[in-house]
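Topology and contacts: notes
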Amino acid sequence: MSIPSNKMTEEKNRIEKKKPINLLDNSAFKKFIQSRWYPGIFQWVAFVVFSVIVYELVAGTVDPTRNVGTSLTWVLWWPLVPLLFLAIGRFWCAICPFGKLSDIIRKTIGSERPTPKFLRKYGLWLIDLFFIAITYSDHIWGIVESPRGSGYLLLLLVTLVVATSVFYERRTFCKTLCFLGGLSGNYSRSGALELRGTPEICKSCKTQSCFKGSDKAEGCPMFQYVRTMDSTADCNLCGNCVKSCPNNSIRISPRVPTSELWGTKNPKMEHTFLAAVIMGIVFVQNITMVAIWQDILKAIGSVTGTDSYNINFTVAFIIAMIIPIGLLLGTAKLATLTGGSVEKVKKNFIRFGYAIIPLDLAGHLAHNLFHIITEGKAIWYNSAALFGINVTRGDLAFADASSVQMVQYIIIVFGMVGSIYTAYRIGNKGTMKALMPYYVLMILLAVANIYLFSLPMMHRV
């Protein structure tokens, strides 16, 4: 029996509506991605700016308020990076100077050995630990406030990049050791852009050029098969697969932010752990900039019996990281005990930990918004001085603190809504009884952030 033409048309329209928008359908955009200019033109610009920043940090003025390297790194770049992850995924990783340096080393003196099994197995945990260590070191040795400290940190990272690139294949450093890679992997899951293959085309592909590479481009630097890739966490949007694919299978599509978090097929403890830890670190970053910080140090000192800042900060730092982990674990336990969820506590802990990521991202954005708005003019003043232009320095702020606070509150509320909805979708749109503990947790974390942002903050740079 034949199907009426109007029915066939309706079915075709329904399928077309479900088909994701593919930015590569734009011939000019696709031609640019496939050209040798992408991402090279952005990489070299970033590489040159990075070189200037490192030089200024190491050889320029030790006054962080007047050092252009400090301004460009901590007042401009660090606040903008999470916004980039949200808008366009891990594009920064495609143009990162460390990644470009890795490519240069590998092509000249690299041995292209396989990544060690230890790094493949524990790389994500090492990334988590390095992120914690760098944040901790900042507060102990004042890296942000010290141009020299920032410069030496970057040079240390350069050393690690060179060492791994000499011995191992592709971007082993970026994949298994880079602290920013871990952060970007988590945040990009909430991003509004994704790169994927077309399953119907990929399943018949014999070349696997997206992974192995071709005469047009190297294989994926992050060890990804487009055919099986279901996450943006390890996609740098470098365009190598677009250049190499002989079947026109690749698509780059906009998507609903946080949507990837809803259907993560293989949730991992490492990702949940980092998501909870980031929340604790955001708390630390905020608390150390408000007046009550000194009272907290005194209270801890009364327990430790010492007034050593390093010891008391270490205690506060550990507590701040433990609190979100403990809250998430308690929430997973409560959700199981109430009968709303029949799954095991560990599985709930790992799965619903991904729901914290939107609030993490919001907290990071809101915290760094304070710096870029209240210290942003330093970027112009210090950059002008680099070119010998004398500019009369005035107030560094673009807006007053109360205006900044209002925007911070709005960002946190958006993050809270994103986290609550993510928990709702992770729970398969379950009952209120099953998901209420997670909703309460997200609200509690949001309220804690808003309270800290409501307090007057001091500048660190």
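Predicted model only: the values in this text are computed from it and were never measured.

**Thoughts on the overall build of the protein**
The number of helices and strands found in the protein is 22 helices and 2 strands. Relative to the globule expectation of 23 Å for 461 residues, the C-alpha radius of gyration of the protein, 24 Å, shows essentially globular dimensions. Taken along the three principal axes of its C-alpha coordinates, the protein extends 85 × 60 × 45 Å. Within the protein, contacts between residues at least 6 apart in sequence are counted, and of these 81% link residues at least 24 apart. Accessible area of the protein: about 22300 Å², with a carbon and sulfur share of 66%. The averaged location of the 27 negative side-chain charges in the protein is 9 Å from the averaged location of its 46 positive side-chain charges.

**Focus: the side chain of N312**
Mapped onto the elements of the fold, N312 is located in helix α17 (residues 309–337). On the basis of relative accessibility, which here comes to 3%, the residue N312 falls in the buried class. Reaching out from N312, the side chain makes a polar contact with the side chain of T304 at a distance of 2.7 Å. Setting aside residues up to four positions removed in sequence, N312 forms contacts with L297, I300, G301, T304, T306 and D307.

**Overview of the side chain of T331**
Counting through the fold element by element, T331 comes out in helix α17. Setting aside residues no more than four positions away along its own chain, T331 makes contact with P437, Y438 and L441.

**Regarding the packing of aromatic side chains**
Under the definition given, this model contains 26 aromatic pairs. With a centroid separation of 3.8 Å and 10° between ring planes, the pair formed by F352 and Y438 is classed as stacked. Of this pair, F352 sits in helix α18 (residues 345–353) while Y438 sits in helix α22 (residues 432–454); the two residues are 86 residues apart in sequence, bridging distant segments of the chain. You can call Y438 buried: its relative accessible area is 1%.

Thresholds applied
- Residues numbered from 1 in each chain as written.
- Predicted model: local features only at pLDDT ≥ 70, side-chain atom pairs only at ≥ 80, totals over all residues.
- Heavy atoms only, no water.
- Helix = DSSP H or I, 4+ residues; strand = E, 2+ residues; numbered from the N terminus.
- Rg over C-alpha atoms; globule rule 2.2 N^0.38 Å.
- Contact = heavy atoms within 4.5 Å.
- Areas by Shrake-Rupley, 256 points an atom, 1.4 Å probe, with all protein chains shown as cover.
- Lys, Arg positive; Asp, Glu negative; His and termini not counted.
- Charge placed at Lys NZ, Arg CZ, Asp CG, Glu CD.
- Buried < 20%, exposed > 50% of the residue type's maximum accessible area, 1.4 Å probe, protein only.
- Polar contact = N/O pair within 3.5 Å; in protein donor to acceptor, adjacent residues only side chain to side chain.
- Phe/Tyr/Trp six-rings, centres within 6.5 Å; stacked < 30°, edge-to-face > 60°.

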